Amino acid sequence: MDINLEQTLFCGQSFAWTKTGSLYEAVLFGRCIRLDEQSFASVVADDPELAAYFDMDWEYAKAQSYLSSLDPYLASCITRYEGLHLLNQDPWEVLISFLLSQNNNIKRIRSMYQTLCRAFGSEVGTQKFAFPSPQQLEMATEAELRALGMGFRAPYLLDAIRCHALLDEIPNLSTEKAATHLMTIKGVGPKVAACILVFAFHRMDAFPLDTWMLKVMKSRYPGKDASFFEPYAALAQQYLFHAERLGGGVV
DNA sequence: GGCCAGGCCCCAG
DNA sequence: CTGGGGCATGGC
């Protein structure tokens, strides 16, 4: 079971990637990454950093097979979007990305993410900008962030900058304690905390519930919760979320 | 042009 | 602890 770049990079877990033709591009690890489905395997074989990012060593075959056995609808989602991997992204980048995500849509989150890169990030290639470090974002004022279109999230970003060091403690905490810890940051609630735990820390027992997922749970899994999908709740969530957005809930 | 978007804060009961 | 209004902005 191979990774599918299209499903993995455009399922709403990362906002760093663009696609032109068959080429996927992002600035990560301080360099420009260019990939397509054809050359992916050989590129990643020689690039441990990318292999870790794309989570190439995890038990996707086992997880997809188990989840497919749980219920037919989830099985159909996995068939349709097979090869969706959960990325191991930089915690800082995920924290800021999902602060931007609240009461927002994916298209605009991506645009706001790029705005922060251009305004505060390092230029890595011609007109290619890395996501800004905490130190780079520290230069921003609330007025400046609002002028850049961050809206009511501007003070949340400032608090995240102030608290960024607490991300270092997350690996040592249980998922539940880690969520509580993350929620001490202004603007981080249960949903954003869960996204950080899944997309940066690979916690399979975290389960982000946004408006789309609430719809799915209500209509297709009434009375159930994350425990129904254990021990792969996070992966199930991502398939269900992606299918709901793309397929409009078609079986 | 109104509705909605990968929510959360804050305040009332 | 639970419920509901308000919030900036742009895509549709």
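Residues numbered from 1 in each chain as written. Chains lettered and ligands numbered in written order. Predicted model: local features only at pLDDT ≥ 70, side-chain atom pairs only at ≥ 80, totals over all residues. Heavy atoms only, no water.

A. View of the protein's contact with DNA strand C. Every residue lining DNA strand C is accounted for by Asn103, Asn105, Lys107, Arg108, Arg146, Gly149, Gly151, Phe152 and Arg153. For DNA strand C, the fraction of atoms within 4 Å of the protein that belong to sugar or phosphate moieties is 58%. Contact between DNA strand C and Lys107: a phosphate oxygen at 3.1 Å from a side-chain N or O atom of the residue. Between Arg153 and DNA strand C, the recorded distance is 3.4 Å, taken from a side-chain N or O atom to a base nitrogen. (Near = heavy atom within 4 Å. Polar contact = N/O pair within 3.5 Å; in protein donor to acceptor, adjacent residues only side chain to side chain.)

B. Representation of the nonpolar core. Ranked by internal contacts, the top residues of the largest apolar core, which has 90 residues, are Trp17, Phe54 and Phe229. When residues of this core are assigned to domains, at least three fall in each of domain 1 (5-87 + 207-246) and domain 2 (91-170). (Core = buried A, V, L, I, M, F, W, Y, C linked by side-chain atoms within 4.5 Å. Buried < 20%, exposed > 50% of the residue type's maximum accessible area, 1.4 Å probe, protein only. Domains from an automatic or database assignment.)

C. Geometry of helix H12 (residues 190-199). Most of H12 sits out of view: eight of its 10 residues are buried. Residues of H12 that are buried include every one of Val192, Ala193, Ala194, Cys195, Ile196, Leu197, Val198 and Phe199, and no others. (Helix = DSSP H or I, 4+ residues; strand = E, 2+ residues; numbered from the N terminus.)

D. Representation of the protein's contact with DNA strand B in the model. Around DNA strand B sit 27 residues, and of these Gly12, Asn104, Ile106, Gln237 and Gln238 come closest. Protein-proximal atoms of DNA strand B, defined as those within 4 Å of the protein, fall in sugar or phosphate at a share of 60%. At a separation of 3.5 Å, a base oxygen of DNA strand B approaches a polar backbone atom of Cys11. One of the backbone nitrogen or oxygen atoms of Pro208 is found 3.5 Å away from a base nitrogen of DNA strand B. When contributions to the surface near DNA strand B are tallied by element, the ones reaching two or more residues are H12, helix H13 (211-220) and helix H14 (233-247). Looking at the surface near DNA strand B residue by residue, the class counts come to 11 nonpolar, 12 polar and four charged. (Nonpolar A, V, L, I, M, F, W, Y, C, P; charged D, E, K, R; others polar.)

E. Seen up close, the state of the cysteines. Under the criterion given, the structure shown has zero disulfides. Between Cys11, a free cysteine, and Cys195, which holds the nearest cysteine sulfur, the sulfur-to-sulfur gap is 11 Å. Accessibility expressed as a relative area gives 0% for Cys11, which makes it buried. By relative accessible area, Cys195 is classed as buried at 2%. (Disulfide = S-S within 2.5 Å.)

F. Region of interest: the pairing of strand S2 (residues 23-28). Judged by how many residues are buried, S2 sits mostly within the fold: five of six residues are covered. As judged from the three bridges shared by strand S1 (residues 18-20) and S2, these two strands associate in the antiparallel manner. Note that in S2 the partner of Thr20 across the bridge is Leu23. From the end of S1 to the start of S2, which pair antiparallel, there are two residues, and Gly21 there has a positive phi angle of about 65°. Where S2 lies against strand S3 (residues 31-35), five bridges are found, and the strand directions are antiparallel. By the bridge assignment, Glu25 is partnered in S3 with Arg34. Hairpin connection, S2 to S3: the antiparallel pair is bridged by two residues, and Phe29 has positive phi, about 55°. (Pairing = 2+ DSSP bridges.)

G. Main features of the environment of Gln114. Checked against the element boundaries, Gln114 lands in helix H7 (residues 106-120). With sequence-adjacent residues up to four places away left out, Gln114 is seen in contact with Phe15 and Ala16. (Contact = heavy atoms within 4.5 Å.)

H. Representation of the domain arrangement of chain A in the model. For chain A, the assigned domains are domain 1 (5-87 + 207-246) and domain 2 (91-170). Between the C-alpha centres of domain 1 and domain 2 there is a distance of 23 Å. Opposite the 17 residues of domain 1 that make contact, domain 2 presents 13 residues. Around 1100 Å² of area is buried between domain 1 and domain 2 when both sides are counted, 66% of it from carbon and sulfur atoms. (Buried area = accessible area lost by both parts, 1.4 Å probe.)

I. Examining the packing of aromatic side chains more closely. This structure, assessed with the given rule, holds 17 aromatic pairs. Relative to Phe98, the ring of Phe15 lies with its centre 5.5 Å away and its plane at 55°, an arrangement referred to as tilted. Separated by 83 residues along the polypeptide, Phe15 in the loop between helix H1 (5-9) and S1 and Phe98 in helix H6 (residues 91-100) bring together distant segments of the chain. What makes Phe98 buried here is its relative accessible area of 3%. Taken together, a centroid distance of 5.9 Å and an interplanar angle of 90° make the contact between Phe29 and Tyr53 edge-to-face. Here Phe29 is found in the loop between S2 and S3, whereas its partner Tyr53 is found in helix H3 (residues 48-53), with 24 residues between them in sequence. Following the ring pairs from residue to residue traces out a cluster consisting of Trp17, Phe29, Phe40, Tyr53 and Phe54. The lysine or arginine in question, Arg220, covers the ring of Tyr73, its NZ or CZ lying 3.7 Å from the ring centre. Here the guanidinium or amino end of Lys224 rests over the ring plane of Phe228, the centre of that ring lying 4.9 Å away. (Phe/Tyr/Trp six-rings, centres within 6.5 Å; stacked < 30°, edge-to-face > 60°. Lys NZ or Arg CZ within 6 Å of the ring centre and 35° of its normal.)

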